[in-house]
Amino acid sequence: MFSSIEHVVESFGKHNYIASRRIATVIFLAAAMKKPVLVEGPAGVGKTDLAKVLAASLKEELIRLQCYEGLDEGKALYEWEYAKQLLYTQILKDKVTEVLVGTTGLKEAVDRIASEDEVFFSERFILPRPLMKAITSEEQVVLLIDEIDKADAEFEAFLLELLSDFQVTVPEIGTFKAKKVPLVILTSNNAREMSDALKRRCLHLYIDFPNREQELAIIRLKVPEAAEKLAEEVVNVVQSLRKLDLKKTPGISETLDWVKALTLLNVQSLDNALVDETLDTIVKYEGDVRKAQEELKEYLRKARTRRTGTEATGSSDDKDLLN
Amino acid sequence: MEDKLVEFANLLRQNGIRVSLAETLDAVAASEVTGLGERELFRAGLRATMIKRASELPVFEELFEVFFSGLGEIIKGASKEVQDALSMSDKDFQQFLDDMDEMLKKHGEELSELAKNLLQNNNGQLERMMRAAARAVRMQGIQRTIEENYFARALARALGFDKIEQEIKELREQLDKLDLGPGMKAKMEEYLDRRLKMLEDIIRKYVRQEREKRDMKAREEQRMNQLGDKSFYYLSDQELEKMREAVTRLAQRLKNIIAVRRKRMKKGRFDVKRTLRANMANGGVPFHLKFERRKREKPQILIMCDVSDSVRNASRFMLQFVYSLQDLYSRVRSFVFVADVGEVTESFRTNDVKEALDVALKGDIINVYAHSDFGRSFRNFVTDHIGAVNKRTTVIILGDARNNYNLPHDWCLREIRQRARRVIWLNPESRNTWGFGDSEMERYAIHCDLVEECRNLNQLYRVIDQLVPR
């Protein structure tokens, strides 16, 4: 476990994740208070990565549950293996007859069978799904419940038992209590508002787009082969794009994709043609592309005049000297 | 510390942030983990446990600043001022305080606690006493600027300001008797005076701060509520912007509600075929039951918006609202009219709402500066676009029905109604003006299934809520 916030920052850093103190504090608190963390923020700011890195830096297993509309208990928690149960009953038919030897009347036979029925509803026939796995694991694990906002409201309610008491109930068997309380990270893109009950049980962390310096640091870390000048230009452009009113604002992952693409093309510095060709790595909608192009042209024009401007004044100075 | 956190939670609640008891307990637990030593750490702990919506973060930051440094900061600042006024370095000041302490010990055993804390620069103790006094006079109830004076006086009384005034006076008299150097005596006197003045200052500033703390959010909230009831006619540019956000939020809320409504009716009849297929693996024993999915009945919507000057704002929000919800309908077609009618469906499909609104209202499609002519618009609609209306279409007309004494052509509306599922007329004028002057509302109302007043956001919301499929 983490000993201090600096420790969190440091061990995340080792796994190529730049955690601000704000993020690190929440993670530290979550580990110390044994509380789930609800991470919100726009798409592509590293919410899912946070859980992955947390697992990696604690050297724990990551169990992931991807939420989607229509996700139910059967897919998230456990399911009875009906086919297996059926198969076993078929094979054990003779044994069943044996058990029933000596019974007189239907009532007695049913009683006899009933006394044995836990055989068929035991853990043997349970197919554990991610949540069950996380609860019954012998070692502590990191449980990532990804994009909880995509799941239905009922599923959210169903999670409450798990999140507050770290236990799940299987009606036929009983309650499973976590052997080691897992670290739970829930992520949400805010497609809908989470219920207050869920929020109450979690620590809340809002991750926003990084500022210029942070983003630059992330690029240096993740794409070390990118040219320094290119990285700076890309960050400038992306930061200014985020100020536009786009349908899908580019996240860090898009920035990284773009830098990688440009680096593969062996680019040292941005220019008009290149931007047009590679723009679709950061902007994903037709309308957005149009808007972004205008903004970029403007940006490049400014950059150029700045450059030529300084050259021009430089040369005029030379002239003065010559005269 | 718990008391203080509970108070902070109360303050957050007063400012419209919902903090439950469990969350307050979490905050206490978090503060035990983070400790109080490092301010940012402590703040992060509270932020993570008490604030669960990104939109509430700015309010939290502001309140944290005010609450957790507020009084302490004021006292510290005032104390520093005293030191500066006497123009002493930290070391000199400490020395001076020690001298003072000694002198007090010799002569002033009977000094009150407040006086001691004040004169010996015990800022922490002083803060504690002020808070206790503030609680005693129920300062958390302060709301208005005019109450400031009252609370300042009450607080001074609770602290025992009269007494301390008296004490300091006596101290000064005693100074005369003492054999101090002339420089020292002057300094002492000045110090005493300044301290007394400082206490007064602190009280005043503290009261003001408390009032501001409570006031801030209340005003903001009031403004938002008013926005809902504010007529579309009178909106400043800034309010237009705010209104746009409000519409987006309302639309989102409606979507959430509808998602729940939908869920309830999702399951239909038992589906034999799919059940058999799903249970093949179990030898045909039906463990998993499958149900038919009920078909969603999505209505088609056709909006006709009057975009003449008088009702433009109402039209703007109506269009924005409907388009924010467009995936709830199987089809949305929109027309704008003033003296002629034009279709703007296409621009809404390809652009985002904001741009499309601009296109619709700018006048590229029809002349928006003409005089309203409902009759002509309706007649043109019937000749050119009547095909857009069928048995599943709900036609919504938004306009004030002020026809400038032109021919009303209300038969056109009858024609539309015969083909449509229903016709709804929304009028952004208040109901009691309908039918007066050039308003043809009563003539048109005969041919509508529903006529509603729609002057502000709340009314608009209610209308839209009726329109969405259940």
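None of the values given here were measured: they were computed from a predicted structure.

Quick notes on the rules
Residues numbered from 1 in each chain as written. Chains lettered and ligands numbered in written order. Predicted model: local features only at pLDDT ≥ 70, side-chain atom pairs only at ≥ 80, totals over all residues. Heavy atoms only, no water. Core = buried A, V, L, I, M, F, W, Y, C linked by side-chain atoms within 4.5 Å. Buried < 20%, exposed > 50% of the residue type's maximum accessible area, 1.4 Å probe, protein only. Helix = DSSP H or I, 4+ residues; strand = E, 2+ residues; numbered from the N terminus. Contact = heavy atoms within 4.5 Å. Axes fitted to C-alpha atoms, helices over the stretch in contact; angles between N-to-C directions. Parallel < 35°, antiparallel > 145°, perpendicular 65-115°, else oblique. Left-handed = near helix turned anticlockwise from the far one by under 90°. Nonpolar A, V, L, I, M, F, W, Y, C, P; charged D, E, K, R; others polar. Phe/Tyr/Trp six-rings, centres within 6.5 Å; stacked < 30°, edge-to-face > 60°. Buried area = accessible area lost by both parts, 1.4 Å probe.

Please give an account of the nonpolar core that cites residues and values.
Residues and elements named next belong to chain B. Counting residues in hydrophobic clusters, the biggest one holds 47 residues, and the most contacted among them are Met 139, Leu 155, Ile 164, Tyr 191, Ile 202 and Ile 203. For this core, the secondary structure elements donating two or more residues are α4 (57–85), α5 (90–107), α6 (113–119), α7 (123–136), α8 (147–159), α9 (161–177) and α10 (182–229). At 10 residues, α10 tops the list of elements feeding residues into this core. Ignoring sequence-local partners within four residues, the contact set of Met 139 consists of Ala 134, Phe 151, Leu 155, Tyr 206, Val 207 and Glu 210. Residues Met 243, Cys 305, Leu 328 and Cys 454 belong to the second largest nonpolar core, which totals 43 residues.

How would you summarise the packing of helix α1 (residues 5–14) of chain A against helix α2 (residues 21–33) of chain A if you had to cite specific residues and measurements?
All names here are of chain A. Closest axis-to-axis distance for the α1/α2 pair is 9 Å, and the angle between their directions is 110°. With respect to α2, the axis of α1 lies roughly perpendicular. For the crossing formed where α1 meets α2, the hand is right-handed. For the pair α1 and α2, the contacting residues are Ile 5, Glu 6, Val 8, Val 9 and Phe 12 in the first and Arg 21, Ala 24, Thr 25, Ile 27 and Phe 28 in the second. Among the residues making up the contact of α1 with α2, the classes are represented as 7 nonpolar, 1 polar and 2 charged.

Tell me about unusual backbone geometry, and please be specific about residues and values.
All names here are of chain A. One non-glycine residue, Lys 59, lies in the positive phi region at around 55°. Summarising the element assignment, Lys 59 is placed in the loop between α3 (47–58) and β2 (61–66). Under the relative-accessibility criterion, Lys 59 is labelled exposed at 74%. Here Phe 166, not a glycine, exhibits a phi torsion of approximately 50°, which is positive. Note on placement: Phe 166 falls in the loop between α9 (153–165) and β6 (167–170). For Phe 166, a relative accessible area of 8% corresponds to the buried category.

Any details on the packing of aromatic side chains? Residues and values, ideally.
Residues and elements named next belong to chain B. A full pass over the atoms with the stated rule returns 22 aromatic pairs over all chains. Their ring planes at 65° and their centres at 6.2 Å tell us that Phe 374 and Phe 378 sit as a pair that is edge-to-face. One end of the pair is Phe 374 and the other is Phe 378, both in helix α16 (residues 374–385) and 4 residues apart, which spans about a single turn. Within the aromatic cluster, the residues linked to one another by ring pairs are Phe 337, Phe 374, Phe 378, Trp 425 and Tyr 444.

Describe the interface of chain B and chain A, listing the residues and the values that go with them.
With 35 residues of chain B in contact, the opposing surface of chain A contributes 30 residues. Between chain B and chain A, the buried area comes to about 2600 Å², and carbon and sulfur atoms account for 57% of it. When contributions to the side of chain B that touches chain A are tallied by element, the ones reaching two or more residues are α2 (21–34), α3 (39–50), α4, α11 (237–264) and α15 (353–362) of chain B. The element best represented in the side of chain B that touches chain A is α2(B), accounting for 7 residues.

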